[in-house]
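Structural features, examined
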Amino acid sequence: MNVLKVFAIFLVTAAFSMVFPSCGDDTQGRIYSEVRSVNKLQLSRMTISKLATINDLRLDEAENIKQTIAALGDAVKVGSRVGAYSYDTYMTAFVDLSALGPQDVRIDKEAGTITIDLPPIQTEFSGRDMGIKEVHYRVTGLRSQIDARERAEIKERMNAAIKKEVEEKPFFRDRLVNSARSKAQMFFSSLLSGEEGYKVIVNFKN
């Protein structure tokens, strides 16, 4: 093979490399694509329950004339009237992986680690029971039965009370987020278990 032919082969090889970059080990890019394609990853879920009762309004609880008249009428009726109901609302912790950037996935071959910097964990109310559960019901004597309107009203009051409690008490979110952190480590360790010899490190952005 003469020098000119060798030189020509070199030029063709160099041009091919410029058009088609190396198809070598692009593990980092592949992992980034796999993780980002998950989009919204739900990590943990919490059930928050509320218990409330329905009974006749006492006279000292009346807030207007109409309620006062109703309370006076109930006070002279024979019997008792009480219903206890429970209601569940669901709260979820998740990460939005569509916000992940290429720089958030790093591979250190010398240390044998894959580090993923995840977006902040977010929480949201993800659903609620369609109806309330009857825990206790007792209506005796001349007392009126508890009707659908009263049940619907107590359901909405319980729902509002749950949301207010979650907003005012960080306990619920903190517990859910801590659970989500642990599950994220397990999830990504399992997802990337095919990358033999690498330890997966999961961090969360603030």
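The structure under discussion appears in the preceding block.
Basis of the calculations
Residues numbered from 1 in each chain as written. Predicted model: local features only at pLDDT ≥ 70, side-chain atom pairs only at ≥ 80, totals over all residues. Heavy atoms only, no water. Salt bridge = Lys/Arg side-chain N within 4 Å of Asp/Glu carboxyl O. Helix = DSSP H or I, 4+ residues; strand = E, 2+ residues; numbered from the N terminus. Buried < 20%, exposed > 50% of the residue type's maximum accessible area, 1.4 Å probe, protein only. Pairing = 2+ DSSP bridges. Contact = heavy atoms within 4.5 Å. Phe/Tyr/Trp six-rings, centres within 6.5 Å; stacked < 30°, edge-to-face > 60°. Lys NZ or Arg CZ within 6 Å of the ring centre and 35° of its normal. Axes fitted to C-alpha atoms, helices over the stretch in contact; angles between N-to-C directions. Core = buried A, V, L, I, M, F, W, Y, C linked by side-chain atoms within 4.5 Å. Arc of directions from axis to C-beta.

Scanning the model with the defined rule gives 12 salt bridges in all. With a shortest N-O distance of 2.7 Å, E150 and R81 are connected by a salt bridge. Placement of the pair is E150 in helix α4 (residues 148-168) and R81 in strand β2 (residues 81-96), with a sequence separation of 69 residues. The same class applies to E150 and to R81, which are both buried. Three or more residues are tied together by salt bridges with common partners; here these are K50, E165 and K169.

The next point concerns the pairing of β2. Most of β2 sits out of view: 14 of its 16 residues are buried. Where strand β1 (residues 40-55) and β2 come together, 15 bridges link them in antiparallel fashion. Residue K50 lies in a different strand from β2, and its bridge partner there is Y87. Both β2 and strand β6 (residues 133-139) contribute to a ladder of 6 bridges, which runs antiparallel. The partner of G83 across the bridge, within β6, is Y137.

Attention now goes to the side chain of E150. Residue classification places E150 among the buried positions, given a relative accessible area of 15%. Residues within four places of E150 in sequence aside, it is in contact with I54, R81 and Q145.

This part is about unusual backbone geometry. Even without being glycine, N39 reaches a positive phi, approximately 60 degrees. In this fold, N39 is placed in the loop between α2 (27-36) and β1. Given a relative accessible area of 41%, N39 falls into the partly exposed group.

As a further point, take the packing of aromatic side chains. A full pass over the atoms with the stated rule returns 2 aromatic pairs. Note on F171 and F172: the rings are 5.4 Å apart at their centroids and 70 degrees apart in plane angle, and the pair reads as edge-to-face. Taking relative accessible area as the criterion, F171 reaches 49% and is therefore assigned partly exposed. In this structure F172 comes out as buried when scored by relative accessible area, which is 12%. Sitting above the plane of the F125 ring, K163 keeps its charged end 5.6 Å from the centroid.

Next up on the list: the sheet that holds strand β4 (residues 113-118). Adjacent strands of a sheet form backbone hydrogen bonds with each other and so pair up, either parallel or antiparallel. As summarised here, the arrangement of the 3 strands in space is β3-β4-β7, forming an open sheet in which the pairing is mixed. The open sheet is flanked by β3 (105-108) and β7 (199-204), the only strands paired with a single partner. Across the sheet, the mean angle separating the axes of adjacent strands is 20 degrees when strand polarity is ignored. Bridge count between β3 and β4: 4 bridges; the pairing is antiparallel. Bridged to V105 within β4 is I116. Each of β4 and β7 is contacted by helix α5 (residues 171-191), which is oriented at about 145 degrees to β7, the strand it contacts most.

Next up on the list: the nonpolar core. The biggest cluster of nonpolar side chains holds 36 residues, and the ones touching the most others in it are L118 and F188. If you list the elements that add at least two residues to this core, you get α2, β1, β2, β4, α4, α5 and β7. With near-sequence residues (within four places) excluded, L118 lies in contact with L97, L100, A184, F188, V202, N203, F204 and K205.

Turning our attention to α2. Listing the buried residues of α2 in full gives T27, I31, Y32 and V35. End-on view of α2: buried residues confined to an arc of 130 degrees, all on one side of the axis. Those residues of α2 hidden inside the fold are in contact with β3, β4 and α5.

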